Amino acid sequence: MTSPLNLCGLVVAVAALLAGCGRKADAEGGAQAASAPGGGASAPAQMVGVVKVQQADVPITVEASGTVTALQSVDLRSQTTSIVAQVLVKDGQNVKKGELLFRFDDRADRAALEKARAQLARDRASLADLERQLNRAKELKAQNFIAQNAVDTAQANFDSGLALIRSDEAAVQAAQVTVGYNELRAPISGRVGIVSVFPGSLVQANATALPLVNIAQLDPISIAFNLPETQLGTLLEATRAGRLEVEALPPPGSARGATSVKGHITVVDNLVDTTTGTIKVKAEFDNKAQALWPGQYLRVRVTLRTLKGATVIPQVAVILRGNERFVYVVSADNTAKLLPVQLRQGMGEQVVVEGLQAGQQVVVDGKQNLRPGTPVKVQAPVVKPASLPASGAASGAAP
């Protein structure tokens, strides 16, 4: 039989042997871990969707709501109280400056004109007689047949007759002007609105009377809109540099294929509205096709400047961490690399950044599963980000 002492020795030997095997296994595992990438167990490659960094000229634009206004708009009213004899214009007609639109009953005014002319003729005859009397008085005074006061009286009568002639001539001119009020002509070229009178209607000569018709100039035409005062410096700088282009966007509900209308800024108001913090701007547009209509409410886009060779990536690739922005890019060894970027301009689904180079692959899908150094496998994005618009337009406010 084995003694207790020998049994204890055997247990100690077995324990020592087991401890040595454990230390050997730990050493081998540590060596394998040290040989793995990143000092840890090798991880499987993550599937990520990527897009390439683009480089393009990006116009910086700002959009605003505006109202279409006619460059000239005139309400025609009668300058005499009379009856409408003829209406020579139709609703919606295009007219030219000086074209006859209305004719009123002018019989009373023409009679007054003839009376003024008759009075002028009579007074001219009287003036001729007074002139003969004055000349005769001068001859008699030269022969000492009459006193000087007789000559003075003849001279005064002649001067009075001459003043009367001038008064009669002014009366004739006034009567001619009154007769001219009986024909109403277009003061500007444009499109006529709805005619509010008909032949036989009585018109009144006062400012509160209903206009006979309105004429609005449609080509060219203008759009008035407001921009934030934060854009005032850039706006003024752009206008000083040259002609600043404006684009009137098609209104909602327009037919498919409707295109925008190009124009240019003509004036920037001389003060900022303190209640709204905006500045009023007017732009002029060619409107031969009459795509713009006075009173219409539209969106306009103003191109303030252009960023040359800007670096553009999708907005979804940007990672926000406090006040810092990052993106994951795919390194040459197919691992994820976290790079800081600076956002310069938002433009819908795209953004202009600094800190990247054209051609780099930025991660847009699967970035939430990445860590710096994670192996990645590249594939096309699940949802392809919108490409740059044709104009490359960026919004006016930086992110």
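Residues numbered from 1 in each chain as written. Predicted model: local features only at pLDDT ≥ 70, side-chain atom pairs only at ≥ 80, totals over all residues. Heavy atoms only, no water.

Section: the overall build of the protein chain
Okay, so step 1: Scanning the protein chain from N- to C-terminus turns up 4 helices and 21 strands.
Okay, so step 2: Across the 399 residues of the protein chain, 34% fall into the buried class.
Okay, so step 3: Relative to all contacts within the protein chain whose residues are 6 or more apart in sequence, the contacts with residues 24 or more apart total 77%.
Okay, so step 4: Total accessible area on the protein chain stands at roughly 23,800 Å², and carbon and sulfur atoms take up 54% of it. (Helix = DSSP H or I, 4+ residues; strand = E, 2+ residues; numbered from the N terminus. Buried < 20%, exposed > 50% of the residue type's maximum accessible area, 1.4 Å probe, protein only. Contact = heavy atoms within 4.5 Å. Areas by Shrake-Rupley, 256 points an atom, 1.4 Å probe, with all protein chains shown as cover.)

Describing unusual backbone geometry
Okay, so step 1: D219 connects to P220 through a cis peptide bond whose omega is -5°.
Okay, so step 2: Examined against the element boundaries, P220 turns out to sit in the loop between β10 (213-216) and β11 (221-228).
Okay, so step 3: Its identity as a non-glycine residue notwithstanding, N144 has a phi of 60°, on the positive side.
Okay, so step 4: We note that Q290 has phi near 55°; this positive angle belongs to a residue other than glycine.
Okay, so step 5: Looking at the secondary structure, you find Q290 in the loop between β14 (278-285) and β15 (297-314).

Here we look at the sheet that holds strand β7 (residues 183-185)
Hydrogen bonds between backbone atoms are what pair the strands of a sheet, whose relative direction is either parallel or antiparallel.
Okay, so step 1: The 4 strands are arranged β7-β6-β4-β9 in an open sheet whose pairing can be described as antiparallel. Only two strands of the sheet have a single neighbouring strand rather than two, namely β7 and β9 (202-203).
Okay, so step 2: Bridge count for strand β4 (residues 82-87) against strand β6 (residues 100-104) is 3 bridges, and the pairing is antiparallel. Each bridged residue has a counterpart across the sheet, and for V87 the counterpart in β6 is F102. (Pairing = 2+ DSSP bridges.)

Notes on the packing of aromatic side chains
Remark: the centre distance and the inter-plane angle together describe each pair of aromatic rings, the angle taken between the planes.
Okay, so step 1: Taken as a whole and assessed by the stated rule, the structure comprises 0 aromatic pairs.
Okay, so step 2: Cation over ring: R321 sits above F326, and NZ or CZ is 5.6 Å from the ring centre. (Phe/Tyr/Trp six-rings, centres within 6.5 Å; stacked < 30°, edge-to-face > 60°. Lys NZ or Arg CZ within 6 Å of the ring centre and 35° of its normal.)

A word on the side chain of T335
Okay, so step 1: Along the chain, the position of T335 falls in the loop between β17 (324-330) and β18 (336-347).
Okay, so step 2: Here the side chain of T335 touches D333 through a polar contact of 2.6 Å, side chain to side chain.
Okay, so step 3: Leaving out residues up to four positions away in the same chain, T335 has contacts with V329, V330, G373, T374, P375 and V376. (Polar contact = N/O pair within 3.5 Å; in protein donor to acceptor, adjacent residues only side chain to side chain.)

Observations concerning the pattern of salt bridges
Okay, so step 1: According to the stated counting rule, one finds 15 salt bridges in the structure shown.
Okay, so step 2: For R122, the salt bridge identified is with D123, shortest N-O distance 4.0 Å.
Okay, so step 3: Linking E354 and R344 is a salt bridge whose minimum nitrogen-to-oxygen distance equals 3.1 Å. Of the two residues, E354 is situated in strand β19 (residues 350-354) and R344 in strand β18; the sequence distance between them amounts to 10 residues.
Okay, so step 4: Residue classification places R344 among the partly exposed residues on the basis of a relative accessible area of 38%.
Okay, so step 5: Beyond isolated ion pairs, a larger network of salt bridges with shared partners links E63, E247, K262, R299 and R301. (Salt bridge = Lys/Arg side-chain N within 4 Å of Asp/Glu carboxyl O.)

Here's the deal with the layout of surface pockets
Okay, so step 1: Taken as a whole, the largest pocket holds about 160 Å³ of empty space.
Okay, so step 2: Taken together, N94, V95, S189, G190, R191, A216, Q217, L218, D219, N287, K288 and Q290 make up the lining of the largest pocket.
Okay, so step 3: Broken down by secondary-structure element, the contributors of at least two residues to the lining of the largest pocket are β5 (94-95) and β8 (190-192).
Okay, so step 4: The residue inventory of the lining of the largest pocket, partitioned by class, reads 3 nonpolar, 6 polar and 3 charged. (1 Å grid on protein atoms, 1.4 Å probe; cavity = no way out; pocket = protein on both sides within 12 Å on 5 of 7 lines; lining within 4 Å. Points joined across faces, edges and corners; volume = space filled by probe spheres on them. Nonpolar A, V, L, I, M, F, W, Y, C, P; charged D, E, K, R; others polar.)

Describing the sheet that holds β5
Okay, so step 1: Taken together, the 4 strands give an open sheet; going across it, the order is β3-β10-β8-β5, and neighbouring strands pair in antiparallel fashion. Only two strands of the sheet have a single partner each, and these edge strands are β3 (73-76) and β5.
Okay, so step 2: Pairing of β8 with β10, which is carried by 2 bridges, proceeds in the antiparallel orientation. Bridge pairing in β10 places V192 opposite I215.

Regarding the environment of L162
Okay, so step 1: Positionally, L162 belongs in helix α3 (residues 148-180).
Okay, so step 2: Judged by relative accessible area, which is 28%, L162 ranks as partly exposed.
Okay, so step 3: When the C-alpha positions of L162 and E131 are compared, they lie 9.5 Å apart, and in sequence the two are 31 residues distant.

Re the confidence of the model for the protein chain
Okay, so step 1: Overall, the prediction assigns the protein chain a mean pLDDT of 84, with 84% of residues at 70 or greater.
Okay, so step 2: Averaged over each element, pLDDT in the protein chain is lowest for helix α1 (residues 4-35) (43) and highest for β6 (96).
Okay, so step 3: pLDDT under 50 marks residues 1-41. Its contacts with residues more than four places away, or in other chains, come to 4 contacts. (pLDDT = per-residue confidence, 0-100.)

Let's talk about helix α2 (residues 107-142)
Okay, so step 1: Here α2 spans 53 Å end to end across 36 residues, near enough to the 52 Å set by a 1.5 Å rise per residue.
Okay, so step 2: Of the positions making up α2, those classed as buried are D109, L113, A116, L120, D123, L127, L130, L134 and A137.
Okay, so step 3: If you follow the buried residues of α2, they end up packed against α3. (Expected span 1.5 Å × (residues − 1).)

Quick word on the nonpolar core
Okay, so step 1: Core analysis: the largest hydrophobic core is formed by 25 residues, its most contacted members being I223, F225, I265 and F285.
Okay, so step 2: Counting only elements with at least two residues in this core, the list comes to β2 (54-70), β11, α4 (232-241), β12 (245-248), β13 (261-273), β14 and β15.
Okay, so step 3: Those residues in contact with I265 that sit more than four places away from it in its chain are L235, T239, L244, V246, V281, K282, A283 and V302. (Core = buried A, V, L, I, M, F, W, Y, C linked by side-chain atoms within 4.5 Å.)

Some thoughts on the pairing of β18
Okay, so step 1: Bridging between β17 and β18 involves 6 bridges; their strand directions are antiparallel. Within β18, the position partnered with Y328 by the bridge is L338.
Okay, so step 2: Two successive antiparallel strands, β17 and β18, enclose a turn made up of 5 residues, where N334 displays a positive phi of approximately 60°.
Okay, so step 3: Two elements, β18 and β19, share 5 bridges in a ladder whose sense is antiparallel. What sits directly across from Q342, in β19, is E354.
Okay, so step 4: Where β18 folds back onto β19 in an antiparallel hairpin, the turn is made up of 2 residues, including G348, whose phi is positive at roughly 75°.

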